[in-house]
Amino acid sequence: KVFSIVFSGNGPSGICLSYLLSGYTPYFKRHSLHPNPILQRKLEEAPEVSVLDQDLEYLSEGLEGRSHSPVALLFDTLQHPDTDFGGTAESVLTWWHEPDRAIPHLVLGRNAPGGAWHSIEGSMVTLSRGEWMGLPDLPFKEWLKQKRRGLRNNRATAEDIAQYYQHYVMKKGLQKNFRCGTVVTSVRKVSAESISNHTQKDLQEDSDSLWNSNEKSAEVFQVDGFFKTVEGDKEPFSIYAENVVLATGTYDNPTWLGVKGENLSYVHHQLSALEEAVKNNSVGIMTDPVLIVGAGLTAADAILFAHHCNIPVIHVFRRRVTDPGLIFNQLPKTMYPEYHKVHQMMKEQTAACAGPYEHYISLPEHHVLSFGKDRKCIFQDKNGCQKAYKISMALVLTGSNPNLSFLPNDGIDLALDSDQPVNPKRNPIDVDPFTYECTQEKGLYALGPLAGDNFVRFVQGGALAVASSLLKKANKNPP
């Protein structure tokens, strides 16, 4: 089967792009006032032209904020005009449904719409404020009100968010574009001639209706994978697409330390293992401590969870507690009291000096040397001194990498540094900042963490850029 566009990944990036490709079109809301006077003036120049059809580079020029992507900042400031300063100004966008501008597309995902949000423990509270988790034209807060719930400290639970994304797809009528329970195993370019005549005829007809004749490509993408049936069988599929959007996120592939014994059964790389152990009563107040490795927010979530269950913890991390690169040193205390508490524990309760917190020891500037079969773990500090602790289980929570095994050479050739694996923070896929098309592979686009956008509020600008580019290719942008 041939499609003009196929996306791999159905998290917030994929959902937002599906919305924009389904004919939902953003315009500047007349008589609305944006707090940025320069942007306001630009928006007033052509209010009758959709934002999708305007020059995104011109509109986003000079914008500043918490993202490196100009288009991410633009779309965010149009939807939440002064949110970083605690303001609650309404979006300056109005949305029109223009079905004649819709482009047929297919969104493939392993889970229900919402992607990795379905794999995160439901009661976990998000780092971002609740309203920043929402998608266009359906504020998250309003949806939560209908459930007769409020936001705790302005934040939302993972379960709420997973449900909201599913609701969004239904409410906006996007479900016909989504195929859940699918796993993509290969995406590669093939010559249009090499596909069977029957498929090629299909492609020709499809192309005529969708793409300018000069855009017709001699090459298309072949997307292979399998579909998981209700019975648990795997049904293979093979489809062809003129354009492929990579929106798979980074939740799949936890980082390993690469030390001896890391593959032993008591060493885990996901927070869910701790929740499971608590349910099974295999860890508790009387057991040996749980080792938590890492100094990011997932490690902090594990510490909070263990603390809540009175489980003793040994916390090992490489950085100094005062390192400005540590995420805790970048978060406002008032908005994130629980993470501030973890940071406090890390500072006050080191092995060298006992502090006020029971069942917790912090070992800053240490790293793990090995895990033993007898559950003894050996650490080394910055001076080369070694310590051994007996533990009940270990959680290595030092980040995750995207799983791009379905791309040739694991997608390394697409990265900014093509000698290193793709990493959302250090080495994202190299994309054009105003179309999000891969610099190294035309017709292939990358969204969200793969392109270096790590927050839901900022992945949406990438979707705007991709939609604008694809509409131009399909000649669905008015002049």
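This structure is a prediction, so every number in the text was calculated from the model and none was measured. Throughout this description, residue numbers start from 1 for each chain and increase along the sequence as written. Since the coordinates come from a predicted model, pLDDT governs what is reported: local features require at least 70, and pairs of side-chain atoms require 80 or more to be given and counted, while whole-chain, interface and lining totals use all residues. Hydrogen atoms and water are omitted, and side-chain values are computed over all heavy atoms in the structure.

Caption draft 1: Highlighting the side chain of Gln40. Positionally, Gln40 belongs in helix H2 (residues 37-45). You can call Gln40 buried: its relative accessible area is 6%. Residues adjacent in sequence count toward polar contacts only when both atoms are side-chain atoms; beyond that, a polar contact is any pair of N or O atoms within 3.5 Å, and within protein one must be able to donate a hydrogen and the other to accept it. At 2.8 Å, the side chain of Gln40 forms a polar contact with the side chain of Glu44. Any pair of residues with heavy atoms lying within 4.5 Å of one another is described as a contacting pair. Excluding its chain neighbours within four sequence positions, the residues that come into contact with Gln40 are Phe28, Ser32, Leu33 and His34. The helix and strand labels rest on DSSP assignments: H or I over at least four residues marks a helix, E over at least two residues marks a strand, and numbering proceeds from the N terminus. Buried residues are those whose accessible area, probed at 1.4 Å on protein chains only, stays under 20% of the maximum for their type, while exposed residues exceed 50% and partly exposed ones sit between those limits.

Caption draft 2: Examining the sheet that holds strand S18 (residues 386-390) more closely. We treat two strands as partners when DSSP finds at least two bridges between them. One open sheet holds the three strands; their spatial order is S16-S17-S18, and the pairing between them is antiparallel. Pairing within the sheet leaves two strands with one partner each, and these edge strands are strand S16 (366-371) and S18. Ignoring which end each strand starts from, the neighbouring axes of this sheet average 30° apart. Axis lines are fitted to C-alpha atoms, over the contacting stretch for helices. Their N-to-C directions set the angle, which ranges from 0 to 180 degrees.

Caption draft 3: Here's a closer look at the pattern of salt bridges. We define a salt bridge as a contact between a side-chain nitrogen of Lys or Arg and a carboxyl oxygen of Asp or Glu at a distance within 4 Å. Applying the stated criterion across every chain yields a total of eleven salt bridges. A salt bridge links Glu98 to Arg101, with the shortest nitrogen-to-oxygen separation between them at 3.5 Å. A relative accessible area of 6% places Arg101 in the buried class. When the shortest N-O distance is used, the salt bridge between Lys473 and Glu437 registers 3.3 Å. Here Glu437 lies in the loop between strand S20 (400-401) and strand S21 (444-446) and Lys473 lies in helix H11 (residues 456-473), a separation of 36 residues in the sequence. One network of salt bridges, in which partners are shared, links Asp53, Glu98 and Arg101.

Caption draft 4: Structural detail: the packing of helix H1 (residues 12-21) against helix H6 (residues 158-171). Put simply, H1 and H6 touch, their axes get as near as 11 Å, and they point 15° apart. Our classification of the angle between H1 and H6 gives roughly parallel. Seen from above, H1 lies across H6 with left-handed handedness. Where H1 abuts H6, its residues Pro12, Ile15 and Tyr19 lie against Tyr165, Tyr168 and Val169. Residue classes follow a fixed rule: Ala, Val, Leu, Ile, Met, Phe, Trp, Tyr, Cys and Pro count as nonpolar, while Asp, Glu, Lys and Arg count as charged, and any other residue, Gly among them, counts as polar. Taken together, the residues that form the contact of H1 with H6 break down as six nonpolar, no polar and no charged. Any angle between 65 and 115 degrees counts as roughly perpendicular, while under 35 counts as roughly parallel, over 145 as roughly antiparallel, and the rest as oblique. Handedness of a helix crossing follows the sense of rotation of the near helix relative to the far helix, less than a right angle counterclockwise being left-handed and clockwise being right-handed.

Caption draft 5: Spatial organisation of the packing of aromatic side chains. The rule is short: rings of Phe, Tyr and Trp, with Trp giving its six-membered ring, pair when the centres are within 6.5 Å, and they are stacked under 30 degrees, edge-to-face over 60, tilted in between. Per the stated rule, a full pass over the model turns up nine aromatic pairs. Between Phe140 and Tyr164, the ring centres sit 5.1 Å apart and the planes meet at 85°, which makes this aromatic pair edge-to-face. Taken together, the residues span a long stretch of sequence, with Phe140 in helix H5 (residues 140-146) and Tyr164 in helix H6 at a distance of 24 residues. Judged by its relative accessible area of 1%, Phe140 falls in the buried class. Taken together, the ring pairs in this structure connect Tyr19, Tyr24, Phe75, Trp95, Phe140, Tyr164, Tyr165 and Tyr168 into an aromatic cluster. Any Lys NZ or Arg CZ found within 6 Å of a ring centre and within 35 degrees of that ring's normal is scored as a charge over the ring. A cation over a ring is seen here: Lys42 above Tyr58, with NZ or CZ 4.8 Å from the ring centre. The residue whose ring lies beneath Lys234 is Phe226, and the NZ or CZ to ring-centre distance is 4.7 Å.

Caption draft 6: Region of the structure containing unusual backbone geometry. The backbone of His31 shows a phi angle near 70°, a positive value even though the residue is not glycine. Relative to the assigned elements, His31 resides in the loop between strand S2 (24-28) and H2. The exposed category is assigned to His31, whose relative accessible area is 83%. Positive phi outside glycine occurs at Arg375, with the angle close to 65°. With respect to the helices and strands, Arg375 occurs in the loop between S16 and strand S17 (376-381).

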